[in-house]
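Observations on chain architecture
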Amino acid sequence: MNDRHSLSGKPVRVLLVDDDEEDYLITRDLLDDIADRSFDLEWVDNYEDGLKGLQLQAHDVYLLDYRLNARSGIELLNNARAAGSLAPIIMLTGQGDPEVDQAALAAGASDYLVKNGLEAATLGRSIRYSLEQSRMLETLAGERSGLALRVEERTRELASSNAKLEQTVDSLTASEEWFRSLVQAVPDVVYKIDTHGCFTFLNDAIHQYGYDKSDLLGKHFSEIIYPEDINNVSREAVVRKACLLKKSDHQSGPFNFKVFDERRRGERSTNGLQLRIRTKAGTPADHVELKPLGNDIAYVEVNSIGMYDSNNNQREYIGTVGVIRSVEERIKAEQEILKAKEAAESANQSKSEFLANMSHEIRTPMNGIIGMTHLALETELDEKQRNYISKAHQSAEYLLGIINDVLDFSKIEAGKMSIESIPFHLSDVIDNMVNLISIRAAERGIRVTTDVSADVPDWLIGDPLRLGQVIINLVSNAVKFSHDGGEVSLQVSLAGRDDVETLLLFSVTDTGIGMNAQEQKRLFQSFSQVDSSTTRKYGGSGLGLAVSKKIVDMMGGDIWVESEKGVGSRFNFTARLKVQPLDAPELAGSEKSRQEHMAKSIASLRGARVLLVEDNEINQELATELLTSHGLIVTAASDGREAMNLLARQAFDGVLMDCQMPVMDGYEATRQIRQTLQLRGLPVIAMTANALADEREKVIEAGMNDYIAKPINVKVMLETIAKWVVPGSGDQPARSAQRVLPNRQDNSAAEQNSQEESVRGLAGLRGARVLLVEDNDINQELLVEILSSYGLIVMAANDGREALDMLAQHNFDGVLMDCQMPVMDGYEATLQIRRNAQTRELPVIALTANILAEEHDKMVHVGMNDYIAKPVNVKLMLETIAKWIAPGGGNQNGQEEKAAVIPAIPGIDVERGLAMMVFPKTYRKLLINFRDRYGDVEAQFRAAQADKSDPDAPFRLAHSLKGIAGSVCADAVERAAKELESACEAGAPEEMMDALLANVVMSIKPVIKELAVLGEL
């Protein structure tokens, strides 16, 4: 309904056309007295304004005075109707006159009222009547007009339909013929199958596979599909093949094909389904043995869609149409691409190996040059000698910078460069830059200033090395290109920040030679400088800015330049870095504690006996000088074989091992050390000039504990040695590499006493209160017993949540934290410890079977102080604990074990296990627990799989089995459990899981059986 005709709701809009103001006031009062509705009254007092109001039709009802000055209201009414106005109009007059009444109604007035004595109720009824009358008239007029239009339109449609019907019949005939011609011309096979899966149409392209249409029409589509691919199409087709089902007439109904079922429900079409089909020369489908013969198969791609017939609002599946396209050319092309890819990868691998070798060959002599000139500058020299050596030292460092740029660029091209994510102080990065640049700048009278905005956070997470590399490159360039006596400034400001990340803007401004617009366009390109004269005058490889741009891109930022020729330049770059909440005081405290521990550890290195294995005489002399100057006792060997001979005759606390050497390289020497019983716990630290990113994993895989990059940074070298080497820890008699299994008490006792003396020499552990957090009950019992036997007071928790509760109730001197546990893992628990003011300084040492670089970074990120690798080497474990944990009070005498005899057990390396466990009694107990715990591992794993409430249970069981098997030195079981663990983590198919579980059972059963000889606890 039109709003103009509403009798309720919003007010009725009324226009009064009357030249008497008193009539307006009376009308207003009358309208106000009408109780069942409200009105908005508007008044005009002349003919012209009244006509405009009627033409606009902006009101719901109009009150029109019969006399308007010299004009007639009838005239106004006629003009309004002539203009097409259908609005309800009520004529008002001063006195009743039937002739006027009839004239008004004839002109189209809705009603006629006498103003004298007019009452509100009368006026209200008239308005209501007028509105209703107007509504009915409009409705009637609309229906009449609509009916006429529909009749006219339908008449035209019928005429047009009659004309088109004849055209359609002709067109359909021509279209069908055209469609058939088009389908026959298509080089791909076009087919149609019915609801039973039988061919009802095929175009001529089927001939390319050796078939005539008559060979396949009426046959089931599975007749031509290669047997091993039938399962990709339907379940029932497999049943058809297995049972040799012959149903050419399909009287018992259609097969329940999966694809057909889904199409019948309108759920899918087949797009890009790759299959192999048998050509006509292939084996018939009804034969049991379905094997391809020579070239009797073709590789195709099928695209199809279901057809439906709508009947009674239901979509009924009536068949499928599709296209079969040969993809053999594409497969050949893909094979060629794969070969090219493999060739490219091989070339890239060769390039990487070449880079590794060149890195070693170049950095090794560079290390000697830089180190020796550094030592020479520390001696007394005359002015000329100091000038020569100082310039040689600076030139060597400059050359090393160019080498680093080339290697960085090569690593970027090879995809080998990565960005770390570790906590660091921005102020440390800037201070390091100032220390490196200030001397060179001071020599030329160039002032270097730094300005860091107050709102820039200092404690960040990112890659300080790469960030510093970009800053040093830009500031170094600024100094190089500035005039003597000029100025270089570094400004750091906040470009954006949220709760997690910050975007920092770094700007380096100089007063140098500047660049024009054309020269700026060539920046940030490889091997590019402003012009050739710059190369001659200022030097450089032209790679620094290209490498910087790549690094900035990897840090989520941008780099650009603003410059004016002869005035100077401003290089700007942004970097996106994570922010520690509230500057992470708990991690800052942990870092401060770590640095203090490290400083003490470096000071405690005096007297440590180190075997330096280095084939380069200059590097050997340099490292010996540096280490000796810090109080270490150094013995040198030139290759791995010489090192092994020295290790057989002398005791050392640690080994610094060069990786690439003649005769026997560092990797092979380390493997032999790890295979020698009395040397397995000896720390081995690699020294490598290979700067590629995967070097850490390579040295760890070889059995090395850590690595030091060449050229050697003295501080880094000492910190790395301090992490692993304890003076006096190697005090044990040198023994032959040959040893009989400890099933004779005399040999076992001698070995036992030697190892006990070595470990007992670690001072200060007795009485230390340690919280052990370990979810595996066998590992937990083993570690509690070992630690208690050395006088530590141990309490155990099963997961991180339980550990936090115990820390809230008891005081501890340190925590041994397993990393992977249910409820709350070790990483989250350590974060909670660091966020608590009462525990943030507490040493936390990780227990982990994963010592890859990314795992190490994760430990550092959450605030762990160090880690102990699983399977646990008792000697290294106690040394690591002694580095961080000291007793805070209390004392407890450990009960020493008596010697126990363990026979040789097939499937277990008893000799290695005894070396790791120290006490035979402890090792025997661990073996018995292993036997009793995992005697029926298959049932345990099946139960874990069936527990849908804990989807990670199978993974944890495999992980625990792997760890315990490693601890008891059951190598085959450990390998099988590791494969099962990896499959659980990757969500492998059930068939693969079953096969891997069977492998675990096959490897563990004979071991469990042999362990029966140990009896009971």
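Residues numbered from 1 in each chain as written. Predicted model: local features only at pLDDT ≥ 70, side-chain atom pairs only at ≥ 80, totals over all residues. Heavy atoms only, no water.

Moving on, we get to the pattern of salt bridges. Counted according to the given criterion, the structure contains 28 salt bridges. Ionic pairing is found between Arg-325 and Asp-188, a salt bridge with its closest N-O pair at 2.7 Å. Of the two residues, Arg-325 sits in strand 12 (residues 314-326) while Asp-188 sits in the loop between helix 5 (120-185) and strand 8 (189-193), which places them 137 residues apart along the sequence. Between Asp-653 and Arg-609 there is a salt bridge, with its nearest N and O atoms 3.4 Å apart. Here the residue Asp-653 occupies a position in the loop between helix 18 (640-649) and strand 22 (654-658), and Arg-609 occupies one in strand 20 (residues 609-613), the gap between them amounting to 44 residues. Under the relative-accessibility criterion, Asp-653 is labelled buried at 0%. (Salt bridge = Lys/Arg side-chain N within 4 Å of Asp/Glu carboxyl O. Helix = DSSP H or I, 4+ residues; strand = E, 2+ residues; numbered from the N terminus. Buried < 20%, exposed > 50% of the residue type's maximum accessible area, 1.4 Å probe, protein only.)

With respect to the helices and strands, Leu-118 occurs in the loop between strand 7 (111-114) and helix 5. Assessed through its relative accessible area of 17%, Leu-118 is described here as buried. C-alpha of Leu-118 to C-alpha of Ile-26: the two residues are 92 residues apart in sequence and 9.4 Å apart in space. What Leu-118 contacts, discounting residues up to four positions off in sequence, is Leu-30, Leu-113 and Leu-123. (Contact = heavy atoms within 4.5 Å.)

As paired strands, strand 18 (residues 559-564) and strand 19 (residues 568-579) are joined by six bridges and run antiparallel to one another. Note that in strand 19 the partner of Trp-560 across the bridge is Asn-572. Remark: three residues form the turn of the hairpin made by strand 18 and strand 19, two consecutive strands paired antiparallel; Gly-566 in that turn has positive phi of roughly 80 degrees. (Pairing = 2+ DSSP bridges.)

We now examine the packing of aromatic side chains. Taken as a whole and assessed by the stated rule, the structure comprises five aromatic pairs. Here Tyr-191 and Phe-199 contribute two aromatic rings whose centre-to-centre distance is 6.0 Å and whose plane-to-plane angle is 85 degrees, an arrangement assigned as edge-to-face. Exposure remark for Phe-199: the relative accessible area of 5% places this residue in the buried category. Ring centres of Trp-724 and Tyr-867 lie 6.3 Å apart, and the angle between their planes is 80 degrees; this geometry places the pair in the edge-to-face category. Of the two residues, Trp-724 sits in helix 21 (residues 714-724) while Tyr-867 sits in strand 29 (residues 866-869), which places them 143 residues apart along the sequence. (Phe/Tyr/Trp six-rings, centres within 6.5 Å; stacked < 30°, edge-to-face > 60°.)

On to the nonpolar core. Ile-881 and Phe-930 are the most contacted members of the largest nonpolar core, which has 62 residues in total. It is helix 33 (residues 990-1010) that provides the largest number of residues to this core, a total of eight residues. Mapped onto the domain boundaries, this core takes at least three residues apiece from domain 5 (762-884) and domain 6 (910-1013). Val-634, Leu-656, Leu-718 and Ala-846 belong to the second-largest nonpolar core, a separate cluster that totals 45 residues. (Core = buried A, V, L, I, M, F, W, Y, C linked by side-chain atoms within 4.5 Å. Domains from an automatic or database assignment.)

Here we take up the sheet that holds strand 24 (residues 706-709). Backbone-to-backbone hydrogen bonds join strands into a sheet, with any given pair of strands oriented parallel or antiparallel. Pairing within the open sheet is parallel, and its five strands lie in the order 21-20-22-23-24. Single-partner strands in this sheet number two, and they are strand 21 (633-637) and strand 24. Taken pair by pair, the neighbouring strands of this sheet meet at an average axis angle of 25 degrees, ignoring direction. Examined bridge by bridge, strand 22 and strand 23 (residues 684-688) share four bridges and lie parallel to one another. Bridging from a neighbouring strand, Val-655 pairs with Val-684 of strand 23. Taken strand by strand, helix 18 contacts strand 20, strand 21 and strand 22, and its axis lies near 135 degrees from that of strand 21. Against the sheet, helix 21 contacts strand 22, strand 23 and strand 24, and its axis sits at roughly 170 degrees relative to strand 24. (Axes fitted to C-alpha atoms, helices over the stretch in contact; angles between N-to-C directions.)

In this section: a nonpolar patch on the surface. Taken together, the side chains of Trp-178, Phe-179 and Leu-182 present a nonpolar region at the surface, about 360 Å² in accessible area. Structurally, Leu-182 is set in helix 5. In this structure Leu-182 comes out as partly exposed when scored by relative accessible area, which is 40%. (Patch = residues over 30% accessible without salt bridge, like charges linked within 9 Å, V, L, I, M, F, W, Y side chains within 5 Å. Areas by Shrake-Rupley, 256 points an atom, 1.4 Å probe, with all protein chains shown as cover.)

All right, on to unusual backbone geometry then. Only a minority of non-glycine residues have a phi that is not negative, and only a minority of peptide bonds are not trans. A positive phi angle, near 65 degrees, is found at Val-663, a position not held by glycine. One can find Val-663 in the loop between strand 22 and helix 19 (666-675). Overall, Val-663 belongs to the exposed group, its relative accessible area being 57%. Phi at Val-823 takes a positive value of approximately 65 degrees, unusual for a residue other than glycine. Within the element layout of this structure, Val-823 appears in the loop between strand 27 (814-818) and helix 25 (826-835). For Val-823, a relative accessible area of 71% gives the class exposed.

Now for the side chain of Ser-569. As for its placement among the helices and strands, Ser-569 is situated in strand 19. Taking the relative accessible area as the measure of exposure, Ser-569 reaches 6% and is therefore buried. Setting aside chain neighbours within four positions, we find Ser-569 in contact with Val-508, Thr-509, Asp-510, Gly-514, Met-515, Val-561, Glu-562 and Ser-563.

Before going further, it helps to spend a moment on the sheet that holds strand 3 (residues 61-65). Taken together, the five strands give an open sheet; going across it, the order is 2-1-3-6-7, and neighbouring strands pair in parallel fashion. Every other strand in the sheet has two partners, leaving strand 2 (39-44) and strand 7 as the edge strands with one partner each. Each adjacent strand pair in this sheet contributes to an overall mean axis angle of 20 degrees, direction not counted. Along the sheet, helix 5 makes contact with strand 1 (12-17), strand 2, strand 3, strand 6 (89-93) and strand 7, crossing strand 7 at roughly 170 degrees.

With that out of the way, let us pick up the UniProt feature "modified residue: Phosphohistidine" (unreviewed entry) in the protein chain. Look at the UniProt record and you will see "modified residue: Phosphohistidine" (unreviewed entry) annotated at His-959. One can find His-959 in helix 31 (residues 953-968). For His-959, the residues in contact, after removing those within four places along its chain, are Gln-820 and Glu-981. Within the structure, the side chain of His-959 is placed 3.3 Å from the side chain of Gln-820, a separation counted as a polar contact. (UniProt positions renumbered as here; feature names shortened; annotations may be inferred. Polar contact = N/O pair within 3.5 Å; in protein donor to acceptor, adjacent residues only side chain to side chain.)

It is worth spelling out the side chain of Thr-93 at this point. Looking at the element boundaries, Thr-93 is found in strand 6. Among all residues touching Thr-93, those that are not within four sequence positions of it are Asp-65, Tyr-66, Tyr-112, Leu-113, Val-114 and Lys-115.

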